[in-house]
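# Geometric and topological summary
Spelled out, the chains give:
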Amino acid sequence: MDRTKDQTFFLSQMPQNALRNTMFPVGELTKTVVKKIATQSGFPEIADKKESMGICFVGKKKGAGRRGFQEFISEYIESKPGNFIDIDTNEIVGTHNGVHQWTIGQRTRIKRGSEPFFVVSKDAESNVIMVASEADHPALYADSFFTLSPHWISGAPDELSSRSCDKTLTCEFRFQNVAPLTKCVMSYNMSSTSNWEYMNRDSLIVSVSEPVKSITPGQFSAFYKGDVCLGSARIARPGPSLYTLNIGNCRTKIRDRIESSRSK
């Protein structure tokens, strides 16, 4: 199997009855082998076709005859100008044409000195995008996240509800197709009424072994146990960032550094 072309991330929401009736005729072959077969079978134009690296109907970068994602989406969703706000200083550092044009972790065209700003969070109601001036700013990292209702391909893992264990599951996850797998521990989230607290099987809380960058609401997190994809769930929100928790006194150090640079 070609690990770089593993499609389980995209198939992680399929039900088991559909997968039972699905065939993957080239699933055991690498792309190089498939291209060689295409050439030998009289389809050199397929073998020589340039590989698409972006969204095929959108394009990846601006240029002559090209359009980027922001240009594409603006054809369908009306612009709604708002502000970029620096998370460290709470100052307005630029403007944008709508939160729908940006994603968490994306680099913007604005800078503080030589450092570009990156999207930390978005608020559709206020139309504000919070940004941070470092690619590895602690506001971009969190060590937990919450999901909406999980889809389990072959049923919910026993570890999450068995009375013989602590109702947690240790496995691995990714929320981007090419991202490396990261170890995590998950459990059903807890909800409550005015009278009692109960296990909510329509939500997971996932704790990761090391902080993960740019956990993005709306994206799917696929879960794996060894080579088996267990299923996936849509991310509802990340847990508090390292910046919010002030891990290693990071928030104080950053603000002191900004104040020091301004006083020079």
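Everything in this summary refers to the structure shown in the same document.

## Quick notes on the overall build of the protein chain
- Looking only at helices and strands, the protein chain has 7 helices and 12 strands in total.
- Oriented by its inertia axes, the alpha-carbon framework of the protein chain measures out at about 70 × 60 × 35 Å.
- Across the 264 residues that make up the protein chain, the buried fraction comes to 36%.
- Contacts in the protein chain between residues at least 24 apart in sequence constitute 53% of all its contacts with a sequence separation of at least 6.

## Overview of the pairing of strand β5 (residues 128-132)
- β5 sits mainly inside the fold: 5 of its 5 residues count as buried.
- Burial along β5 is two-sided: the face carrying V128, M130 and A132 and the face carrying I129 and V131 are both buried.
- Relative to β5, strand β1 (residues 82-86) is paired through 4 bridges, and the arrangement is parallel. Following the sheet pairing, N83 is matched in β5 by V128.
- Strand direction decides the pairing type here: strand β4 (residues 115-123) and β5, joined by 5 bridges, are antiparallel. Bridge pairing in β5 places V119 opposite V131.
- Here β4 hands over to β5 after 4 residues, with N127 in that stretch at a positive phi of 65°.

## With respect to the environment of W152
- With respect to the element layout, W152 can be found in strand β7 (residues 151-152).
- Owing to a relative accessible area of 12%, W152 belongs among the buried residues under this scheme.
- Once the C-alpha coordinates of W152 and L230 are considered, the two residues, 78 residues apart in sequence, prove to be 5.8 Å apart.
- When sequence neighbours within four positions are dropped, the list of residues in contact with W152 reads P157, L160, M186, Y188, L204, F223, L230 and G231.

## Focus: a nonpolar patch on the surface
- A cluster of nonpolar side chains, contributed by V26, L29, V33, V34 and I37, occupies part of the molecular surface with about 340 Å² of accessible area.
- Of note, V34 is situated in helix α3 (residues 31-40).
- Judged by its relative accessible area of 30%, V34 falls in the partly exposed class.

## What to know about the side chain of N189
- As for its placement among the helices and strands, N189 is situated in strand β9 (residues 182-192).
- In this view, N189 contacts F146, Y198, M199, N200, S203, L204 and I205; residues no more than four positions away in its chain are not counted.

## Observations regarding the sheet that holds strand β3 (residues 107-112)
- Spatial ordering of the open sheet is given by β2-β1-β5-β4-β3, a layout of 5 strands whose pairing is mixed. Unpaired on one side and paired on the other, β2 (92-96) and β3 mark the two borders of the sheet. Taken pair by pair, the neighbouring strands of this sheet meet at an average axis angle of 40°, ignoring direction.

## Overview of helix α7 (residues 250-263)
- Compared with an ideal rise of 1.5 Å per residue, which puts 14 residues at 20 Å, α7 spans 20 Å between its outermost C-alpha atoms and is within 8% of the ideal.
- Among the residues making up α7, those that are buried are C250, I254 and I258. Buried residues of α7 fall within an arc of 70° about the axis and therefore sit on the same side. Exposed and facing more than 90 degrees away from the buried side of α7 are K253 and S263.
- Among the structural elements, β3 and α6 (242-245) are those in contact with the buried residues of α7.

## Quick notes on the pattern of salt bridges
- Evaluation of the coordinates by the stated rule reveals 2 salt bridges.
- The residue E134 makes a salt bridge to R257 at a minimum N-O spacing of 2.5 Å. In this pair, E134 sits in the loop between β5 and β6 (141-147) while R257 sits in helix α7, placing the two residues 123 residues apart along the sequence.
- On the basis of relative accessible area, R257 is assigned to the partly exposed category, the value being 46%.

## Structural notes on the packing of aromatic side chains
- All told, the structure shown has 5 aromatic pairs when counted by the stated rule.
- With a centroid separation of 5.5 Å and 90° between ring planes, the pair formed by F9 and F10 is classed as edge-to-face.
- Given the relative accessible area of 52%, F10 is considered exposed.
- An angle of 55° between the planes, with centres 5.2 Å apart, marks the rings of F145 and F173 as tilted. On the criterion of sequence distance, the pair formed by F145 in strand β6 and F173 in strand β8 (residues 169-174) is long-range, its members being 28 residues apart. The pair formed by F145 and F173 is uniform in burial state, with each residue classed as buried.

Rules behind the numbers
- Residues numbered from 1 in each chain as written.
- Predicted model: local features only at pLDDT ≥ 70, side-chain atom pairs only at ≥ 80, totals over all residues.
- Heavy atoms only, no water.
- Helix = DSSP H or I, 4+ residues; strand = E, 2+ residues; numbered from the N terminus.
- Buried < 20%, exposed > 50% of the residue type's maximum accessible area, 1.4 Å probe, protein only.
- Contact = heavy atoms within 4.5 Å.
- Pairing = 2+ DSSP bridges.
- Patch = residues over 30% accessible without salt bridge, like charges linked within 9 Å, V, L, I, M, F, W, Y side chains within 5 Å.
- Areas by Shrake-Rupley, 256 points an atom, 1.4 Å probe, with all protein chains shown as cover.
- Salt bridge = Lys/Arg side-chain N within 4 Å of Asp/Glu carboxyl O.
- Axes fitted to C-alpha atoms, helices over the stretch in contact; angles between N-to-C directions.
- Expected span 1.5 Å × (residues − 1).
- Arc of directions from axis to C-beta.
- Phe/Tyr/Trp six-rings, centres within 6.5 Å; stacked < 30°, edge-to-face > 60°.

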